[in-house]
Amino acid sequence: MRPRRLKNEINVVPYIDVMLVLLVIFMVAAPMMQTGTVDLPTVGKSSEPPKDPIRVEVRADDDRLLVRGPKGEQKEVSRKELAQALVALKGTDPATPVLVAGDKNARYEAVLNVLDELKQMQFKRVGLETVRK
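These numbers were taken from a predicted model, which means no experiment stands behind them.

S.K.: What is the right way to read the sheet that holds strand β5 (residues 126–128) from this model?
M.R.: Consider a sheet: its strands pair through backbone hydrogen bonds, and that pairing is either parallel or antiparallel. If you trace the five strands from one edge of the open sheet to the other, you get β3-β2-β1-β4-β5, paired in mixed fashion. Two strands close off the open sheet at either side, each with one partner strand: β3 (74–77) and β5. Recorded for the sheet is a direction-independent mean angle of 20° between the axes of neighbouring strands. Bridging between strand β1 (residues 54–58) and strand β4 (residues 98–102) involves five bridges; their strand directions are parallel. By the bridge assignment, Val 58 is partnered in β4 with Gly 102. Where helix α3 (residues 108–120) meets the sheet, its contacts fall on β1, β2 (65–68), β4 and β5, and the angle it forms with β4 comes to roughly 170°.

S.K.: Can you walk me through the side chain of Thr 96 in this structure?
M.R.: Structurally, Thr 96 can be placed in the loop between α2 (82–90) and β4. If we ignore the near neighbours within four places in the chain, the residues touching Thr 96 are Ile 54, Lys 90, Phe 123 and Arg 125.

S.K.: Can you help me understand the environment of Asn 11 in this one?
M.R.: Mapped onto the fold, Asn 11 is located in the segment before α1 (13–29). Within the structure, Asn 11 has its side chain in polar contact with the backbone nitrogen of Val 13 (distance 3.4 Å).

S.K.: What exactly am I supposed to notice about the pattern of salt bridges here?
M.R.: Proximity of charged atoms lets side chains of opposite charge pair with each other. Within the structure shown, the criterion is met by five salt bridges. Ionic pairing is found between Glu 76 and Arg 64, a salt bridge with its closest N-O pair at 3.5 Å. Remark: Arg 64 occurs in the loop between β1 and β2 and Glu 76 occurs in strand β3; sequence separation between them is 12 residues. The exposure class assigned to Arg 64 is partly exposed, which follows from its relative accessible area of 30%.

The rules we used
Position numbers for residues count from 1 along each chain, tracking the sequence in the order it is written. Local features in this predicted model are restricted to residues of pLDDT 70 or higher, and side-chain atom pairs are both shown and tallied only at a pLDDT of 80 or more, whereas totals for entire chains, interfaces and linings draw on every residue. Heavy atoms from the whole structure form the basis of all side-chain values; hydrogens and water molecules are not counted. Here a strand pair is declared whenever DSSP counts at least two bridges between the two strands. The way it works is that DSSP assigns letters per residue, a run of H or I at least four long becomes a helix, a run of E at least two long becomes a strand, and they are numbered from the N terminus. Angles shown run from 0 to 180 degrees and are taken between the N-to-C directions of axes, each axis being a line fitted to C-alpha atoms and, for helices, limited to the stretch in contact. Contact criterion: two residues are considered in contact whenever any of their non-hydrogen atoms come within 4.5 Å of each other. Two N or O atoms form a polar contact when they lie within 3.5 Å of each other; inside protein one atom must be a possible hydrogen donor and the other a possible acceptor, and for residues adjacent in sequence the pair counts only when both atoms belong to side chains. The salt bridge definition used is simple: a Lys or Arg side-chain nitrogen within 4 Å of an Asp or Glu carboxyl oxygen. Burial classes follow relative accessibility: with a 1.4 Å probe on protein chains only, a residue under 20% of its type's maximum area counts as buried, one over 50% as exposed, and anything between as partly exposed.

In structure tokens:
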């Protein structure tokens, strides 16, 4: 009787079966995946600022904000007082435009906090004020 010899081969058939099953699963699942869409802003669409906006100035040096009303009134407020000042200036018109003027040396987070506050207050027309070159 001959002694049994060890086989030094790898059977790849089960691996090929698994790979084909995974390929079919990914081919079926890929069209079902939803991709996110990004609605990019356009530049130069509005050449002039809106009439009589409320203007919120974010300064670079401190946490104080300057709120200017549509009739020229202005008030220096903290972030906590911003909501009260905007409600007083907004009045009954929900479509009152608001421009956020951030100093170019201001922290990005400070400008975003103001924009978030405006979103929570449900202002419909909010823009960032810029200077033309």
